[in-house]
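# Architecture and fold: a report
Listed here are the chains, written in short residue letters.
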Amino acid sequence: MSLADCVHGAYILDRRARILSRHLADTIPPSFRVLDVGCGDGLLAHSISQNRPDLTLRGIDVLVRDCIHIPVDHFDGHVIPYDDASFDGVMFVDVLHHTTDPMVLLREAVRVARKTIVIKDHTLEGLFAGFTLRFMDTVGNARHGVPLPYNYWPRRRWFEAFDALGLQVGIWNSKLGIYPWPARWIFERSLHFVARLDVVTNPSMLKSFTSIK
């Protein structure tokens, strides 16, 4: 294990989970049934539910692990295996930039979510943003075999996607405080966000939308 891996594990992972669970718990509306797409072992979702006992969280992932903290179903990474409007909300935490086309899962989320989509991801904004995001992704995920297409979008493209899918931005928070100082100055900046998108489009209309290239 490299020095970067050791530092990331010792100083970043626990803090990230604690802070993100708080931000996400503050973002999800009351008494929601939420599907966590790409949930991993479900530990983050479990932490959210500890702060928000009014929520019911279920996960899906391409790999269902032996040790899980919430109920997790398998899926193929493209089609969410639930009927239209099966959940109040759908959540993606650092998942969409690992796909070759985030619009595929975003469309599926609009189909499955009755009210809200919650996203934690990155924005490709600022000097050396691409280099910094690639470094973070490699350190955090390469050793686990996670696909790394480095598919980061600028803020403008996120908003174009939301508009195309009939999603209204209810919350956009780019001041998360995931990293301690001075790492925050390097790795935080405007590179991270948590957003709540309100579904205002009927799922049957999604067939008329095309991917944003």
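From a predicted model like this one, the values you see are computed outputs, not experimental measurements. (Residues numbered from 1 in each chain as written. Predicted model: local features only at pLDDT ≥ 70, side-chain atom pairs only at ≥ 80, totals over all residues. Heavy atoms only, no water.)

## Focus: the nonpolar core
Counting residues in hydrophobic clusters, the biggest one holds 31 residues, and the most contacted among them are Leu35, Phe92, Leu106, Ile117 and Ile119. Listing elements by their share of this core, those giving two or more residues are β1 (33-37), β4 (87-93), α3 (102-112), β5 (113-122), α5 (155-164), β6 (167-173) and β7 (192-199). The element best represented in this core is α3, accounting for 6 residues. Every residue in contact with Phe92, bar those within four places of it in the chain, is listed here: Val37, Leu105, Leu106, Ala109, Ile117, Val118, Ile119 and Lys120. With 26 residues, the next largest nonpolar core counts Ala25, Leu44, Leu133 and Tyr179 among its residues. (Core = buried A, V, L, I, M, F, W, Y, C linked by side-chain atoms within 4.5 Å. Buried < 20%, exposed > 50% of the residue type's maximum accessible area, 1.4 Å probe, protein only. Helix = DSSP H or I, 4+ residues; strand = E, 2+ residues; numbered from the N terminus. Contact = heavy atoms within 4.5 Å.)

## Observations concerning the packing of aromatic side chains
As enumerated under the stated definition, the model contains 8 aromatic pairs in all. Seen from their ring centres, Phe159 and Phe162 are 5.9 Å apart, and the 55 degrees between their planes marks the pair as tilted. You can see Phe159 and its partner Phe162 sitting in helix α5, 3 residues apart, about one turn around the helix. Overall, the relative accessible area of 0% leaves Phe162 in the buried class. With a centroid separation of 4.1 Å and 10 degrees between ring planes, the pair formed by Trp172 and Phe193 is classed as stacked. Taken together, the residues span a long stretch of sequence, with Trp172 in strand β6 and Phe193 in strand β7 at a distance of 21 residues. Ring pairs connect the aromatic residues Trp153, Trp158, Phe159, Phe162, Trp172 and Phe193, which therefore count as one cluster. (Phe/Tyr/Trp six-rings, centres within 6.5 Å; stacked < 30°, edge-to-face > 60°.)

## Structural notes on the pairing of β7
The element β7 is largely enclosed, with a buried count of 7 among its 8 residues. Note: β5 against β7, 7 bridges, orientation antiparallel. Paired with Thr116 across the two strands is Asp198, which belongs to β7. Sheet analysis places β6 next to β7, joined by 6 bridges and oriented antiparallel. (Pairing = 2+ DSSP bridges.)

## Some points on the confidence of the model for the protein
Per-residue pLDDT for the protein has a mean of 88; in total, 86% of the residues score no lower than 70. Below a pLDDT of 50 lies the segment residues 1-10, which in the model reaches 9 contacts outside its immediate sequence neighbourhood of four places, other chains included. Taken together, the stretch residues 207-213 has pLDDT below 50 and engages in 15 contacts with residues farther than four places along the chain or on a different chain. (pLDDT = per-residue confidence, 0-100.)

## Details of the sheet that holds β4
Overall, mixed pairing links the 7 strands, which are arranged β3-β2-β1-β4-β5-β7-β6 in an open sheet. The open sheet terminates on both sides in strands that have one partner only, identified here as β3 (72-74) and β6. For this sheet, the mean inter-axis angle between neighbouring strands, taken without regard to orientation, is 20 degrees. Two strands pair when backbone bridges link them, and β1 and β4 are joined in this way by 4 bridges, in the parallel orientation. Within β4, the residue paired with Asp36 across the bridge is Met91. Here α5 sits on the sheet in contact with β5, β6 and β7, set at roughly 145 degrees to β6. (Axes fitted to C-alpha atoms, helices over the stretch in contact; angles between N-to-C directions.)

## Here's the deal with the pairing of strand β2 (residues 56-61)
Bridge analysis of β1 against β2 gives 5 bridges, and the strand direction is parallel. If you follow Asp36 over to β2, its bridge partner there is Gly59. Running through helix α2 (residues 43-51), the crossover from β1 to the neighbouring parallel element β2 is right-handed. Pairing geometry for β2 and β3, over 3 bridges, is parallel. (Right-handed = clockwise from strand over helix to strand, strands pointing away.)

## With respect to α5
Every buried residue of α5 is listed here: Trp158, Ala161, Phe162 and Ala164. Taken end-on, α5 shows its buried residues confined to a sector of 165 degrees, consistent with a single buried face. With respect to the buried face of α5, the exposed residues turned more than 90 degrees away are Arg156 and Asp163. Against the buried residues of α5 lie α3, β5, β6 and β7. Remark: Gly166 follows α5 within two positions and exhibits a positive phi of approximately 70 degrees. (Arc of directions from axis to C-beta.)

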